[in-house]
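Reading the structure
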Amino acid sequence: MSVIEIPLKNSEEVLEVSLSDLHENSNEILSILHQEEAPLALYLNFALEYYKRGMFNEFELFLQQGSKAALVTANQHKQQLLILNCLASYQIKKAKKINLNDPSSQEEKKYLFEAATSLFNAADKIDIRETISWIGKGILLLTKGQLDRANNIFKTIIESTENANNIPALLGKACISFINKDYKGALACYQRVLRYAPDLKPNVRIPIGLCFYALGNIKMARTAFERVLKMEPDNADALIYLSIIDLNKAKEVKNETFLENISKGREKLKKAYQLNYKNPVVALQLADYCFNKNEYEKVKLLANLAYTNTNVPALQAVAYYNIGRVHQATKNYEKAYKAFAQAVRLDPNNILAQFGMGQMFFYKSTISNIVFIYVYDETPSACECFEKVLAADPNNYDVLKILGCLYSKLRNYQKAIDCYDRISRIPKSKNDELNESNDYEVWIDKAKLLEQNDTKAALNAYEKAVKILEDTNERVPPELWNNIAVLYHMDGDLNMAEQMYHKAYTECSEKMNLSEVDKEYYDGLETSISYNVSRLYEAQKETLKANKIYNQIIKNHPRYIDAYLRLGAIEIEQGNYKKGIGYYKKVLDFDPKNVDAYSLMGYAQGLMNQIKLSRKTYEKILKDIDRYDLYALCAVGNIHLIAGRNSQNKQDKEIFYKRAVELFDKAIILDNQNIYAVNGIAIALAERGYTDVAQNLFIQIREVKSSVEAIWVNLGHIYVELGQYQSAINNYENCLKKLTNITEIGYIYQCLAKAYFAQAKVEKKVNLMNKAEYYIQKSFFIKPKDKSLQFDLALIKQEFAQLVIDQPSEIRTIDNLKKALNGLAISKKYFTALKNVKTKPVNYDISIASRREEHNETVRKAVLQKLEEQEDLEKKKRERMNNIRIQREKEMKERELKKEEELRKAIEEEKRIERQREELALRLEKEREEESLIEEQLKEKKKSTTSKSKSHNNNNNNFINDEEDDNMDYDDSEDEKKMKKKRKRNKRKHDRDESDSEKNYDSENNYSDKEDDLNFDGGNSDEENIRSIKKRKKYALSKDIISDEDEDDDDDEVIAGSKSNNSSRNKIIEDEDDNYDEE
C-alpha cells in the first residue's frame, strides 16, 4: 500500500495521501484528519507508518491527536482502545531505554510509567475486559520489576478459554518464569508460542535454546540455535550463543577436538561481531576472548561498549567484572576493587564478581595482617564474598580452601573444619560418587585445626595425608612425622609416638645428607625432634635416657635453654631442689631476664617451703622483667591466699586475702579469659565465707574451661560446704576422669571419701558410709604413710559402727554389726597409734584422735549389745516364718485334695451325661419304628376306604357326590399333614437333645478351663462354680423336655381340631399320639 485514503466529510470522494510524502506533511495531514472528522483508524494507520520510518515523534503525535479526536467521536471504541494501548506501550518502551545507572533520568522514567498507567486506566473506562489493555498492564508491571503481579495478569489471560493461546501473554509469562529461574516453565510457554506462531519475529527459538542451556541440555540448545541459523543465517544472537557453546566445550574436553571447537567458536564470534558489534553479549564474549590473549585495552573498550548498549543489570555487571579483572591482572588493586564492587552492586548474584572482590579483600588482609578491611562501609567482607560464591557453586575447590584459611585466621575453627570437610568430599566428576580429596595439603591444614580439640581426628587427617604421599611415591616430610608423633604423645599412646619420632628423625637425617637442602634448617628440626623424644622418655619415667639426650643437645647447642629447663624440672621432681635450681640459674646466666627460669625457680622454692623467697622470685619478675606476667601475678596471689589461710590474726588474714584478690584482679584485667585468676578470686571469697558468690564464679569458670581440674575440685569443696553432697561428688568424679597424676588422683579419692562421709552422716545411710570407706582405702593405698588418711579411715569405721547402732531393728543386719565390730578393732588400733605419734607437726588434731580412741570402747559395747538383740530378733523371726511356711503348706495340700475330689465328680457327671445321650438315642430309634408302623396302618386304611367308596357309588347309579369326594380328599390330606408334623416334631426333638448334650459337654469343658485359670488360691469358689454348672445342666435338660411336650400338645390340638367324619381313623391316630407323648 503506497497511499492512504482519507474520506472527505459529507462527500463520497476521498483524499489520497502518498506515503512517500509523510516526512514533510505531518502537520497538514493532521489538519485534514481533524477537519474531515476522519475515522480513528486513520490516525492509528498514519502513526504506524511513521513508526516504520523511524519518525517516533510524529508517531507519538498522531496517537495523541487520535486519542483527543476520540473524545468527540462516537461509536469507535475499538479504535480508541487500540490508540490508547499503542500510546501506553510506547511510553513503556521509552522508559526501558533510560539507563538505570543515570540518577538524573529516573524522574523521567517515573513520569513515563505514570503516563502509561494513566492511559491504561483510560482504556479500562472504555472496556475493562479488553485483553490488549491487560497485556499492556502486564508488560508495564514486568518492566517495573513487579513480577508477581505481572505473572498473575498473564496467567489469568492464558487460563481463559478464548485467550488460551494468546501469544503476548504466553511470552510475558515465559519471560517471568525465566527471570525466576523456572526454566522448565519458561520452556513450556515458549514451545506453545512456537506451536502457534512458528514464524514469530524475533525468533522464539532463541529463548527456547537458552532454556535448554540453563537446564543443562546443551545438545537441545545447540539444535535450537542451529535451527535459527538455518532460518536466519545472519542472526547474531544464535551465532554468539553457538560460539559460547563451542568455546565451553573446548574448555571441558581437551582432546583432539579441542582446536576444532576453538576454531568454530572464534569464527562464529567474529561473524556475530561483524553483524552486530553493539550486541552486548557479543561484545562481552569478545572481551573474554581478548582477556585470554592479554589484550587488556581491547577488553576495556569492549566492556564499555557492552555497558553502554544494554540496560540489563546482569550484562552491565559482567562488563564491570571484565574491567575489574583487567585492573587485577595489571596489579591496580584499588581500581579492581571498585570495578568488582560496582559489578556486585548491579548484580549480587554474579559469583565471578563476588570471587574477584573476595580476592581483593584477601589481598588487603595479607598486606595489613588482618582479615577484614572495610574500605567502603557497604562492601561485604572477604568471607561473605566467598560464601556467596560457594552458595552458587557448593563444590568450588578453590573457594573452600580460601574460606578454610580465612576462618582459621579468624579462629572460627568449626567453620574452617567444615570447609575442609567439604573439600575432602568433593566428587572427581559429576557422575562420580563422593570421593576423598587426594590433596595432602588439605588434610594437613585440617589436622592443624583439629589438633587443639580433637587429637584423634587430627591424627586421622595426618595419616590420610601420609597415605596420599606414599601412594604417589613421594617422601613424607619429617615435619609431618613429627606432628603425628606429638599428637600420639599428647594422646598418651607413647609407643606409637616413639615410632613416629623415630621415622621423623630418620627422614630428617636423610635430608641432612642431601646437598641441595638447607642444612641449618634440618639441623634445627633434628634438634627439636630430639627434644620431643626426651619429653617422651620423661613421660615413660625413663629419666636417664631423657637426661642423656638433653645433655647431648646442650653439647651440640650450648645455649639451648629448653634443655636446661627440663633438666632442672627432672631434678625438682626427684626432690633434688638445689640441683634443679642450679640448672635454672645457668639459664639466667645466658638470659638474665628469662621468665620461665624465674617462674620454675619460684615454684621449686615453694616446694622447699621457702615461701618468702618464692614470693620474692615472682615479685622480681613483676618488678624487673614483666610487670604484666600473668603466671607471676597468679603465683604471688596464691602465695597470699596460703598466707591468709594459715594466719591466726584476723586483721592480717583480711590483708592477705585483699592483696591476693588485687593480684588476681590485675591478671583478669590483662586477660579476661584467665580462669586461674578467677579461680583464685573464687577461693578467696569461699574462704572468707562468701560461698554463694564463689559457687557462681566456679560454675562460670567451669562452663568456659571445663578441662581445668582445679575448677571441678574447688566447686566440689563449695558444694560440700553448702551441704550439696551429691553435686560435690559429681564434680569430684568428673575431675577424676581428667587426671593422670597418681598423687592428684589420691587426693580426689580423699575428697570423695569426705563427701560420702558427710552425706552418710546427714542421710543416715550405711551404703554411703561404705562408699566413703571404699574411696579412703583407695587413697590410702596410694599414700600408705599419710597420717591424715589413717585418721580418716579410723573415723569412718567408727562412724560406720555408730550408724549401724542407730538403725531400726528391721533394717539393721547381723552382717553389718559384725563388720562394725571388725572396723572398731582397726579404728582403735589407728587412733592409739595416731594419739602417740612422735613426729610433729601432723596434719590432724591429736586431741581428737585421743577422744575418739576413748569413745571407741563405748561404741563397741553398744555394737555387742545390738548384735545380741539382733540375733534374738532374727531367731524369733526365723521361727515365725517357719510356722507360717508349715501352715501354708498344709493349706495348699488341703486345697489340692479338694481340687482332686471336684475333678472326680466332674468326670462322673460327664459319664452320666453320656449315658443320657445313649438312652435318648435308643428312644429315638424306637419312635422311628413306631412311626413306620403307623405309616403302614395308614396306607392299609386308605386302600380300604377307597374300595368302599367305589362300591357305594356304583349302587347309586354312578351318581357322583362332590361333597363326599371333597371330604374324602380332605381327610386324606389331614392324615398326611399329621404324619409330616409327627416326623418334624420327632426330628426337632432329636436335634435339640443332641444340641443340649453338646452344650452341656462344652459348658463342662469351659468350667474346667476356668477352674484352671481362676483356682490359684485354693478357695471355695471352685466347689460353688461346679455346683452352679450342674444346676444349669439339669435346668436346661428339664426345660427342653417341657418345651417338647408343649409342642406335642399344640400339634395334637391342631390334629384334633381338624377331625373328619371318619372318626374311627382319627381315633386310631389320636391314640398313637397319646402313646408317643407318654413316652
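Residues numbered from 1 in each chain as written. Predicted model: local features only at pLDDT ≥ 70, side-chain atom pairs only at ≥ 80, totals over all residues. Heavy atoms only, no water.

How two aromatic rings sit relative to each other is given by the distance of their centres and the angle of their planes. The final tally for this structure, using the stated rule, is 22 aromatic pairs. A centroid spacing of 5.2 Å and a plane angle of 65° characterise the contact between Tyr51 and Phe56, whose relative ring orientation is edge-to-face. Owing to a relative accessible area of 30%, Tyr51 belongs among the partly exposed residues under this scheme. Under the relative-accessibility criterion, Phe56 is labelled partly exposed at 30%. Ring-pair connections join several aromatic residues into one group, and the members of that group are Tyr51, Phe56, Phe59 and Tyr90. The ring of Phe800 has Lys819 lying over it, and the distance from NZ or CZ to the ring centre is 5.0 Å. (Phe/Tyr/Trp six-rings, centres within 6.5 Å; stacked < 30°, edge-to-face > 60°. Buried < 20%, exposed > 50% of the residue type's maximum accessible area, 1.4 Å probe, protein only. Lys NZ or Arg CZ within 6 Å of the ring centre and 35° of its normal.)

The subject of this paragraph is the UniProt feature "repeat: TPR" (unreviewed entry) in the protein. Feature annotation in UniProt assigns "repeat: TPR" (unreviewed entry) to the following positions: residues 202-235, 317-350, 397-430, 561-594 and 709-742. With 71% helix and 0% strand, residues 202-235 has its two end C-alpha atoms placed 10 Å apart. Along residues 561-594 the backbone is 79% helical and 0% strand, and the end-to-end C-alpha distance reaches 9 Å. (UniProt positions renumbered as here; feature names shortened; annotations may be inferred. Helix = DSSP H or I, 4+ residues; strand = E, 2+ residues; numbered from the N terminus.)

Turning our attention to the packing of helix H2 (residues 40-52) against helix H4 (residues 77-97). Two elements in contact, H2 and H4, have axes separated by 8 Å at closest approach and are oriented at 30°. One way to sum up the angle between H2 and H4 is to call them roughly parallel. Of the two elements, H2 crosses H4, and the hand of that crossing is left-handed. Of H4, the residues touching H2 (which contributes Leu40, Ala41, Tyr43, Leu44 and Tyr51) are Gln79, Gln80, Leu82, Ile83, Cys86, Tyr90 and Lys93. (Axes fitted to C-alpha atoms, helices over the stretch in contact; angles between N-to-C directions. Parallel < 35°, antiparallel > 145°, perpendicular 65-115°, else oblique. Left-handed = near helix turned anticlockwise from the far one by under 90°. Contact = heavy atoms within 4.5 Å.)

With that settled, the discussion passes to the nonpolar core. In terms of nonpolar packing, the biggest core is built from 179 residues, with Leu480, Ile484 and Val863 touching the most fellow members. For this core, the element with the highest residue contribution is helix H40 (residues 787-806), accounting for 11 residues. Contact partners of Leu480, with chain neighbours within four places excluded, come to Ile444, Tyr462, Ala465, Val466 and Leu469. If you look at the next biggest cluster of nonpolar residues, it comprises 48 residues, including Ala197, Val228, Leu239 and Cys290. (Core = buried A, V, L, I, M, F, W, Y, C linked by side-chain atoms within 4.5 Å.)

Time to look at the pattern of salt bridges. Evaluation of the coordinates by the stated rule reveals 40 salt bridges. Arg325 is paired through a salt bridge with Asp288; the nearest N and O atoms lie 2.5 Å apart. Placement of Arg325 in helix H16 (residues 313-329) and of Asp288 in helix H14 (residues 280-292) is noted, with a sequence separation of 37 residues between them. On the basis of relative accessibility, which here comes to 21%, the residue Asp288 falls in the partly exposed class. Residue Arg688 pairs with Glu654 through a salt bridge whose shortest N-O separation is 2.7 Å. Pair noted here: Arg688 is in the loop between helix H34 (675-687) and helix H35 (691-704) and Glu654 is in helix H33 (residues 650-670), with a separation of 34 residues, a long-range link. The partly exposed category is assigned to Arg688, whose relative accessible area is 33%. Of the residues examined, Glu654 reaches a relative accessible area of 33% and is grouped as partly exposed. Here the residues in one salt-bridge network are Arg222, Glu226, Asp246 and Lys268, joined through shared partners. (Salt bridge = Lys/Arg side-chain N within 4 Å of Asp/Glu carboxyl O.)

What follows deals with the pairing of strand E2 (residues 14-18). Across 5 bridges, strand E1 (residues 3-7) lies against E2 in antiparallel orientation. Looking at the pairing, Val3 lines up with Ser18 of E2. In textbook terms, the turn of a hairpin is the stretch between consecutive antiparallel strands, and for E1 and E2 this stretch comprises 6 residues, one of which, Asn10, has a positive phi near 55°. (Pairing = 2+ DSSP bridges.)

The next subject is H14. Note: α-helices contain 3.6 residues per turn, so residues at a spacing of three or four share the same orientation. Between the first and last C-alpha of H14 there are 19 Å, a value that for 13 residues agrees with the 18 Å anticipated at 1.5 Å per step. Counting buried positions along H14 yields 10 of 13 residues, so the element is predominantly enclosed. Listed as buried for H14 are Pro280, Val281, Val282, Ala283, Leu284, Gln285, Leu286, Ala287, Cys290 and Phe291. Near the N-terminus of H14, the side chain that reaches the backbone nitrogen of Val281, with its oxygen 3.0 Å away, is that of Asn279. Following H14 by one or two positions, Asn294 has its phi on the positive side, about 60°. (Expected span 1.5 Å × (residues − 1). Polar contact = N/O pair within 3.5 Å; in protein donor to acceptor, adjacent residues only side chain to side chain.)

This paragraph deals with the confidence of the model for the protein. Taken residue by residue, the protein gives an average pLDDT of 79. The fraction at 70 or more is 83%. The secondary-structure element of the protein with the lowest mean pLDDT is helix H45 (residues 1063-1078), recorded at 38, while helix H10 (residues 205-214) shows the highest, at 92. Note that pLDDT drops below 50 for residues 428-434; the model gives that stretch 5 contacts with residues more than four away or on any other chain. Scored below 50 in pLDDT, residues 1001-1079 makes 95 contacts in the model with residues more than four places away or belonging to other chains. (pLDDT = per-residue confidence, 0-100.)

Here we take up the environment of Ile444. Along the chain, the position of Ile444 falls in helix H22 (residues 440-450). Residue class for Ile444 comes out buried when judged on its relative accessible area of 15%. Sequence-wise, Ile444 and Leu459 are 15 residues apart; in three dimensions their C-alpha atoms are separated by 9.8 Å. If near-sequence neighbours (up to four positions away) are discounted, Ile444 is found in contact with Tyr462, Ala465 and Leu480.

Now for the side chain of Asn203. Note that Asn203 resides in the loop between helix H9 (183-196) and H10. Looking at Asn203, its side chain comes within polar contact range of the side chain of Glu232, at 3.3 Å.

Our next topic: helix H17 (residues 333-346). With 14 residues, H17 should cover 20 Å at 1.5 Å per step; its first-to-last C-alpha distance of 20 Å lies within 8% of that length. Among the residues making up H17, those that are buried are Ala336, Tyr337, Ala339, Phe340, Ala341, Gln342, Ala343, Val344 and Leu346.

Examined against the element boundaries, Met601 turns out to sit in helix H30 (residues 595-607). For Met601, a relative accessible area of 8% gives the class buried. Through-space distance from the C-alpha of Met601 to that of Ser614 is 7.6 Å; in sequence the pair is 13 residues apart. Apart from residues no more than four positions distant in its own chain, Met601 is found in contact with Ile581, Tyr584, Lys585, Leu588 and Thr617.

Assignment of secondary structure puts Asp792 in helix H40. Here Asp792 is buried and forms no salt bridge, its nearest opposite-charge partner Lys754 lying at an N-O distance of 4.4 Å. When residues no more than four places from it in sequence are discounted, the contact partners of Asp792 are Gln750, Lys754 and Ile776. (Lys, Arg positive; Asp, Glu negative; His and termini not counted.)

With that settled, the discussion passes to unusual backbone geometry. Most peptide bonds are trans, and most residues other than glycine sit at a negative phi. Residue Pro202 is reached from Lys201 by a cis peptide bond, and omega for that bond is -5°. By the element assignment, Pro202 lies in the loop between H9 and H10. Although it is not a glycine, Asn294 adopts a positive phi angle of roughly 60°. Structurally, Asn294 can be placed in the loop between H14 and helix H15 (296-308). Residue class for Asn294 comes out exposed when judged on its relative accessible area of 51%. Its identity is not glycine, yet Lys541 carries a phi of approximately 65°, on the positive side.

Our next topic: the packing of helix H36 (residues 709-722) against helix H37 (residues 725-738). Each pair of packed helices gets described by two things: the angle between the helix axes and the distance between those axes. Closest axis-to-axis distance for the H36/H37 pair is 8 Å, and the angle between their directions is 165°. Classified by the angle their axes make, H36 and H37 are roughly antiparallel. Two packed elements cross with a definite hand, and for H36 against H37 that hand is left-handed. On H37, the residues touching Glu709, Trp712, Val713, Leu715, Gly716, His717, Tyr719 and Val720 of H36 are Tyr725, Ser727, Ala728, Asn731, Tyr732, Asn734, Cys735 and Lys738. Grouping the amino acids of the contact of H36 with H37 by side-chain chemistry returns 9 nonpolar, 5 polar and 2 charged. (Nonpolar A, V, L, I, M, F, W, Y, C, P; charged D, E, K, R; others polar.)

Together, Tyr603, Leu607 and Tyr631 line one region of the surface with nonpolar side chains, adding up to about 310 Å² of accessible area. Assignment of secondary structure puts Tyr631 in helix H32 (residues 630-646). The class of Tyr631 is partly exposed, set by a relative accessible area of 44%. (Patch = residues over 30% accessible without salt bridge, like charges linked within 9 Å, V, L, I, M, F, W, Y side chains within 5 Å. Areas by Shrake-Rupley, 256 points an atom, 1.4 Å probe, with all protein chains shown as cover.)

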